[in-house]
Amino acid sequence: MSDRVVVLDNGGSTCKVGVNLKHQPHSVFPNGTGKIKGERQPLVGDQLLACGDLSTVSIRRPIDRGYLVNSELEREIWARAFRSVLKVDPNSSSLLLTEAPFALPAVEELTAQLVFEDFGFHSCLRVPAATLAQKAHCQDQPGIAANRAACGLVVDAGFSFTHVVPVFDAHAISSGIKRINIGGKLLTNYLKELVSYRSINMMEETYLMEHIKEQACFVSTDLRADLHISRARQSPNRREYVLPDGVNSTTGFLRIPADPLPGSSRQPTVHEKSSEQVLMMNNERFLVPEVLFSPGDLGLQQAGLAEAIVQALEGVHESLHPLLLSNILLTGGSAACPGFAQRLLADLRPLVSDEYEVGVYMPDDPITCAHRGGALLAASPAFGQAAMTRQAYEEEGAARMQTIANDD
Amino acid sequence: MSGARPSKRRSTRDKKTSQRVGLVDKAERQQAASARLDRLEDDQDAGEALGHLSDDEFRLDDSDEGAQIGEGRKRKKGGKRPGVKRKTRGQLAEHRGPKAFSTLLDEAELEDAPEDGLSYLTAAAASSVYPARKWCSVCGFAATYKCVRCGSQCCSRKCFGTHTETRCLKFTM
């Protein structure tokens, strides 16, 4: 049994990967392959980070709606990550892998095949990312009463969806897990749809739109007031994104519009002098993340985040409610949107009894928080006890092969 | 006899026009809304998918799963003789290519899960107790009006004009 554990937080958007023994910074790179127009070979995983040109990159991702579906593509990305980024031999190490709750049997099978048959890991443990994030949070803030019981409510606003996961004694309470089918990908596509309709057609530029979203979007804490001030011609919420032209800049940048044109504020402006293309954004900046708090805006028949937390509490024993509410942890890339925590607190406060204290915490690193917790778990003896060994898989896997043969 | 009378009185032009600009009913509106949500979950839109194909060699295939684009080299092997029984799991996977999550979800038949079982389906957040808010489908601000034809929200005559010219379901469906 080797001590080396590869900790891999396999998210819909990015892979967070590292080895527990070395205290080197882990690496974060896109979980997908990107194809640049006109080039034959797609860029795999971390190669995309080195690629400065964000436009005309089309991405293929192995993860669909949060679950691994394309194991061939994932194998390419992992192979590069293990060999070139981490420089480890899977045959002599174990794997700690995150997996979304309630994975379908078919997805679990694909993952197990990939881990044991394709890469040949010694042993593997699959855990929901939320419990790992909670573990890191416990270490960060031991002062919080609920953390001493390893208890808290994790809001994982990821790329594919948003989960509300109550955690007690370092284990997720499955009866309380709630999912909203809105994640960063949907928000990006929604922003893309809006700006393509209102100003410049960006439908081909998903990868670039993701960067624009990260820079421009914020969560409104007072929607009514923000909408009111956005109506003004010189609204302080207006921003323009200078699109990459491939000569002066390859990524583009955000700026506050200098001189508002006399015409409608919504028109894309082409400056005669510099001939730069700018994308004008106004209320899109906060109406896009808004759908996470009110999915009805998009026609999705699901509760907003604050209500989903209340629904999650209904699935948990009442005596845990005060502990869970006092320790709400926000993780995931979408939670990094400015104003997220304040808005959630403002929405949630009126929905729960005023006897309960509501505490919302945001780690410094909402994206890699789960990975950090994973490294903690991998270092503890609990990992070795809980992990499934390749031997166990081979026995079980053989049984599975037999059932398939019988079906034939 | 009595049922046929009104249609005799109406001119054919009236009938044609009313069919063309007819209301989009509730089911169709719902269908359009869910199609849009699906589109928002897509990795790449149709244009990009086509661009991807034209870069590689273009191949026609009888199956219509979008996820298979770019896997042409491997499919050709298995696709030549569709009637042949495949023996190994490896070949099977190679032939079919990756499945979309919705396909896997259908195949898992979670509706038949045991009573105590919590599943992917039960974990979805239930619908909100509050009514949906109304935003203008054109400019995004609070909307007061509704398009009678397709039910989209609009805030002003100006936005409604833009809506009828570009987005009204009459044209998109």
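Calculation rules
- Residues numbered from 1 in each chain as written.
- Chains lettered and ligands numbered in written order.
- Predicted model: local features only at pLDDT ≥ 70, side-chain atom pairs only at ≥ 80, totals over all residues.
- Heavy atoms only, no water.
- UniProt positions renumbered as here; feature names shortened; annotations may be inferred.
- Phe/Tyr/Trp six-rings, centres within 6.5 Å; stacked < 30°, edge-to-face > 60°.
- Helix = DSSP H or I, 4+ residues; strand = E, 2+ residues; numbered from the N terminus.
- Buried < 20%, exposed > 50% of the residue type's maximum accessible area, 1.4 Å probe, protein only.
- Lys NZ or Arg CZ within 6 Å of the ring centre and 35° of its normal.
- Pairing = 2+ DSSP bridges.
- Contact = heavy atoms within 4.5 Å.
- Buried area = accessible area lost by both parts, 1.4 Å probe.
- Salt bridge = Lys/Arg side-chain N within 4 Å of Asp/Glu carboxyl O.
- Polar contact = N/O pair within 3.5 Å; in protein donor to acceptor, adjacent residues only side chain to side chain.
- Nonpolar A, V, L, I, M, F, W, Y, C, P; charged D, E, K, R; others polar.
- Arc of directions from axis to C-beta.
- Domains from an automatic or database assignment.
- Axes fitted to C-alpha atoms, helices over the stretch in contact; angles between N-to-C directions.

In the annotation of an unreviewed UniProt entry, chain B is listed under the name HIT-type domain-containing protein and assigned to Apatococcus lobatus.

As recorded by an unreviewed UniProt entry, chain A carries the name Actin-related protein 6 and is attributed to Apatococcus lobatus. Under the heading Subcellular location (unreviewed entry), UniProt records this for chain A: "Cytoplasm". Listed under Sequence similarities (unreviewed entry) in UniProt, the entry text for chain A is "Belongs to the actin family. ARP6 subfamily."

Novice: Would you explain the packing of aromatic side chains in this entry?
Specialist: The way to describe two aromatic rings as a pair is by their centre distance and the angle between their planes. Summed over the entire model, instances satisfying the criterion amount to 12 aromatic pairs over all chains. Arranged with centres 5.7 Å apart and planes meeting at 70 degrees, the rings of Y67(A) and Y120(B) form a pair that is edge-to-face. With one member in each of two chains, Y67(A) in strand β8 (residues 67-68) and Y120(B) in the loop between α7 (101-108) and β1 (145-146) form a pair that bridges those chains. Side by side, Y67(A) and Y120(B) carry an identical accessibility label, which is buried. Consider the rings of F218(A) and F286(A), whose centres lie 5.6 Å apart with planes at 50 degrees: the pair is tilted. With F218(A) in the loop between α7 (206-216) and α8 (223-231) and F286(A) in helix α9 (residues 284-293), this pair connects stretches of sequence that are 68 residues apart. For F218(A), a relative accessible area of 16% puts it in the buried group. With relative accessibility at 0%, the residue F286(A) sits in the buried group. Each residue in the set Y67(A), F161(A), F101(B) and Y120(B) is aromatic and connected to the rest through ring pairs, giving one cluster. Directly above the aromatic system of Y120(B) lies the positively charged group of R179(A), at a separation of 3.7 Å from the ring centroid. Over the aromatic face of F293(A) sits the side chain of R343(A), whose NZ or CZ is 4.9 Å from the ring centroid.

Novice: I would appreciate a short explanation of the sheet that holds strand β4 (residues 33-36) of chain A in the present structure.
Specialist: Pairing between sheet strands relies on hydrogen bonds along the backbone, with the strands arranged either parallel or antiparallel. All names here are of chain A. Overall, antiparallel pairing links the three strands, which are arranged β5-β4-β6 in an open sheet. The sheet terminates laterally at β5 (43-44) and β6 (57-60), the two strands that pair on one side only. Sheet topology note: the β4/β5 ladder contains two bridges and is antiparallel. Bridging across to β5, G34 finds its partner in L43.

Novice: What's the story with the interface of chain B and chain A in this structure? I'm lost.
Specialist: Buried accessible area, meaning the area lost when the parts come together, often serves as the stated size of an interface. On the chain A side, the residues contacting the 56 residues of chain B number 65 residues. At the boundary of chain B with chain A, total buried surface from both sides reaches about 5,500 Å², with 49% on carbon and sulfur atoms. Our enumeration of links across chain B and chain A arrives at four salt bridges. Among the salt bridges present, the one from D38(B) reaches R65(A), with a minimum N-O distance of 3.7 Å. Here chain B is connected to chain A by 20 residue pairs in polar contact (both at pLDDT 80 or more). Examining the composition of the side of chain B that touches chain A, we find that six residues originate from one element, helix α3 (residues 26-41) of chain B, more than from any other. Residue composition of the side of chain B that touches chain A, grouped by class: 25 nonpolar, 13 polar and 18 charged.

Novice: Is there a simple way to think about helix α12 (residues 340-348) of chain A in this case?
Specialist: Count 3.6 residues to each turn of an α-helix, and residues three or four apart come out pointing the same way. Residue and element names in this part refer to chain A. Taken as a whole, α12 has its buried residues at F340, A341, R343, L344 and L348. Within α12, the buried residues cover an arc of 165 degrees as seen down the axis, which keeps them to one side. On its buried face, α12 sits against β11 (152-157), α9, α10 (305-314), α11 (321-325), β18 (328-331) and β19 (360-361).

Novice: Explanation requested: the domain arrangement of chain A in the structure shown.
Specialist: Residue and element names in this part refer to chain A. If you check the domain split of chain A, you get domain 1 (5-128 + 367-405), domain 2 (132-183 + 293-361) and domain 3 (184-289). Taken over C-alpha atoms, the centre of domain 2 sits 30 Å from the centre of domain 3. With 14 residues of domain 2 at the contact, the number on the domain 3 side is 12 residues. Counting each side, the surface lost to burial between domain 2 and domain 3 is near 1,100 Å², with a carbon and sulfur contribution of 67%. When the buried surface of domain 2 facing domain 3 is broken down by residue, F159, L298 and R343 rank first, second and third, together holding 40% of it. Between the two partners, domain 2 and domain 3, sit zero salt bridges. Applying the counting criterion to the domain 2 and domain 3 interface returns nine residue pairs in polar contact (both at pLDDT 80 or more). If one sorts the elements of the side of domain 2 that touches domain 3 by residue count, α12 sits on top with three residues. Within the side of domain 2 that touches domain 3, the residues separate by chemical class into seven nonpolar, six polar and one charged.

Novice: Looking at this model, I keep getting lost on the sheet that holds strand β15 (residues 239-242) of chain A. Mind explaining?
Specialist: All names here are of chain A. Ordered in space as β16-β15-β17, the three strands form an open sheet in which the pairing is antiparallel. Each edge of the open sheet carries a strand with a single partner, namely β16 (253-255) and β17 (278-281). Sheet twist, expressed as the average angle between the axes of neighbouring strands with direction ignored, equals 25 degrees. Direction of pairing for β15 relative to β17: antiparallel, over a ladder of four bridges. Residue pairing for β17: Y241 is matched across the bridge by L279. Relative to the sheet, α7 contacts β15, β16 and β17, its axis offset from that of β17 by approximately 45 degrees.

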